[in-house]
Amino acid sequence: MPSPIPQIDTDVLTVVDLVRRGRASTRQQLAQMTGMGRNTISSLLNTAVSLGLIAPNGSGPSTGGRAPATWRFRQEDGLVLVAGVHSSTLRLAVTDLGGAPVECRTLPWSITRGPAPTLAEAAARLRDMVGPLDRPVWAAGASLPGPIDQESGRPTAPPIMPGWDGFDVVGAMTGALGVPAVAANDVNTMLLGYATDLPDRTERRLQDVLYVQVGTGIGAGLMSHGVLHWGADGAAGDIGHVRVSGSDAVVCRCGRTGCLEAVAGGWAVLRDARRAGAEGISPFLRERLGSAGDLTIDDVVAGVAAGDTECVTLMVRSATAVGDALAMIVSCFNPGRVILAGPMPQGCAMFLQVARRIVNERALALATKHLEILPARDGADDEMRGTAVLAVNAVFRRAMS
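Residues numbered from 1 in each chain as written. Predicted model: local features only at pLDDT ≥ 70, side-chain atom pairs only at ≥ 80, totals over all residues. Heavy atoms only, no water.

Draft legend 1. Expanded view of the nonpolar core. Ranked by size, the top nonpolar core spans 52 residues in total, and within it V16, L30, W138, Y211 and F396 carry the most contacts. If one sorts the elements of this core by residue count, helix α15 (residues 379–400) sits on top with nine residues. Here Y211 is in contact with V187, M190, L191, Y194, G219, A220, G221, I339, A341, A376, G379 and D382, once residues within four sequence places are set aside. Membership of the second largest hydrophobic core comes to 49 residues, among which are L210, I297, L340 and A363. (Core = buried A, V, L, I, M, F, W, Y, C linked by side-chain atoms within 4.5 Å. Buried < 20%, exposed > 50% of the residue type's maximum accessible area, 1.4 Å probe, protein only. Helix = DSSP H or I, 4+ residues; strand = E, 2+ residues; numbered from the N terminus. Contact = heavy atoms within 4.5 Å.)

Here it is as structure tokens:
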């Protein structure tokens, strides 16, 4: 399959990639990053401009002399097709090359339908979405809620994805959409999208980030020195199925007992909330269950706001277990910032307060001295942007190899 990037000198692509990733924007910065002379950099910039890959972007701040010219990647000139596969929904997007949305759609869809129908539906919808847009499609990406082998892009024993184990997601998307494709774990794409959108990606404390998704399941992404840490096989950060002390009798969806997800994940909170509503332990949840026929995490969050004792208990239990796991990771990894995504940490101040307290009490003092623990602004947007950026990263990596 032909690359969307012309077959040009790798030095030109190196310069374009540094500009694209926000690592450099002036001739001087590019010269410092590459070790090339300023005249060589000027020639490479001229070539990149003629190819339509970068464009002038005004002047940067002066350091005493003439203000330097700056450059930007022309991300608006291409498109990426993104499929966010979740347990009960498909979130589809057409983005530009920087992950900014052009069009988004979300439809109800159970992941238990299996990989072939799911990816075929995603591809058909994405082709329909991109049809009216007169811009070249560079790549496609899929974000999945399970462990992904980074060499092959295939799910590996995903606990909540029956039928997906070993499926060739990349091959299926490439074949259906006719462009290079990638697949990755959802929390890693969220972290990449979050980091890409930071106003100053070179600030030291933002180079080491822990991003934790507390949704139906629980997972974490790790960024070290500004680089996403995948681990040897792509399993780094899969904390949902680590054992939680004192919970040996709790059976997880993966078949094991005592997993963090089985105590603190959204499905576990809803399991206990439904029981509390059905048995009348929580009048608030009993009323919600009777009127709607089922419960959501938003109902539990609303119950906390209403002062329902059982809802508060469920939220504190989840936040305490998550905080315990975070304290261990913070002590080992020493991030400058922890981002918590999902309806509980984003929608309930109590969850954040409890998790922060547990981390500060149980992690190393030095590791928490300057630590920030913040809610995500929008985990779904982070996922979309990160998946698109990951796909474009792969295009550049392939063209430069």
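Picking up where we left off.
Draft legend 2. Geometry of the sheet that holds strand β6 (residues 137–144). Within the open sheet, the five strands sit side by side as β5-β4-β3-β6-β9. Their pairing is mixed. For this open sheet the edge positions go to β5 (101–108) and β9 (181–185), each flanked by a neighbour on one side alone. Neighbour-to-neighbour, the strand axes of the sheet open up by a mean angle of 15°, direction not taken into account. Where strand β3 (residues 79–85) lies against β6, six bridges are found, and the strand directions are parallel. From the neighbouring strand, G84 faces β6, where its bridge partner is S143. Packing of helix α4 (residues 115–130) onto the sheet brings it into contact with β3, β4 (89–96), β5 and β6, and relative to β4 it is tilted by some 35°. Its contacts with the sheet put α15 on β3, β4, β5, β6 and β9, and the angle it makes with β6 is roughly 130°. (Pairing = 2+ DSSP bridges. Axes fitted to C-alpha atoms, helices over the stretch in contact; angles between N-to-C directions.)

Draft legend 3. How the structure looks around empty space enclosed by the protein. The final tally for this structure, using the stated rule, is one cavity of 30 Å³ or more. Its volume calculated, the largest cavity comes out at about 40 Å³. Looking at the largest cavity, the residues that line it are V82, G84, R91, A93, A380, E383 and M384. Only β3, β4 and α15 provide two or more residues apiece to the lining of the largest cavity. Ranked by the residues each element gives to the lining of the largest cavity, the list is headed by α15, at three residues. Of the residues that constitute the lining of the largest cavity, the class distribution is four nonpolar, one polar and two charged. (1 Å grid on protein atoms, 1.4 Å probe; cavity = no way out; pocket = protein on both sides within 12 Å on 5 of 7 lines; lining within 4 Å. Points joined across faces, edges and corners; volume = space filled by probe spheres on them. Nonpolar A, V, L, I, M, F, W, Y, C, P; charged D, E, K, R; others polar.)

Draft legend 4. Structural view of the side chain of D272. Relative to the helices and strands, D272 is located in helix α8 (residues 266–278). Using a relative accessible area of 11% as the deciding quantity, one classes D272 as buried. One polar contact links D272 to R271, side chain to side chain, over a distance of 3.0 Å. With sequence-adjacent residues up to four places away left out, D272 is seen in contact with L314 and R317. (Polar contact = N/O pair within 3.5 Å; in protein donor to acceptor, adjacent residues only side chain to side chain.)

Draft legend 5. Summary view of the packing of helix α10 (residues 297–305) against helix α11 (residues 309–333). Running from N to C, α10 and α11 point in directions that differ by 115°, and their axes come no closer than 8 Å. One element, α10, and the other, α11, form an angle in the roughly perpendicular class. Like other packed secondary-structure pairs, α10 and α11 cross with a definite hand, here left-handed. Mapping the contact onto sequence places V300, V301, G303 and V304 in α10 and C311, V312 and M315 in α11. (Parallel < 35°, antiparallel > 145°, perpendicular 65-115°, else oblique. Left-handed = near helix turned anticlockwise from the far one by under 90°.)

Draft legend 6. Region of interest: the packing of α8 against helix α9 (residues 283–292). Packing of α8 against α9 leaves a shortest axis separation of 7 Å and a crossing angle of 90°. Regarding the angle of α8 to α9, the classification is roughly perpendicular. For the pair formed by α8 and α9, the contact residues are A273, R274, A276, G277 and A278 on the first element and L285, R286 and L289 on the second. Residues that form the contact of α8 with α9 fall into these classes: five nonpolar, one polar and two charged.

Draft legend 7. Structural detail: the packing of aromatic side chains. In the structure shown here, the tally under the stated rule is four aromatic pairs. Here a set of aromatic residues connected by ring pairs shows up, and it is made of F73, W138 and F396. The lysine or arginine in question, R20, covers the ring of F396, its NZ or CZ lying 4.6 Å from the ring centre. Sitting over the face of the ring of W109, R113 holds its NZ or CZ atom 3.9 Å from the ring centroid. (Phe/Tyr/Trp six-rings, centres within 6.5 Å; stacked < 30°, edge-to-face > 60°. Lys NZ or Arg CZ within 6 Å of the ring centre and 35° of its normal.)

Draft legend 8. Representation of helix α5 (residues 169–177). When α5 is considered as a whole, its buried residues turn out to be V169, M173, T174 and L177. Seen end-on, α5 carries its buried residues on one side only, within an arc spanning 125°. Remark: G178 follows α5 within two positions and exhibits a positive phi of approximately 75°. (Arc of directions from axis to C-beta.)

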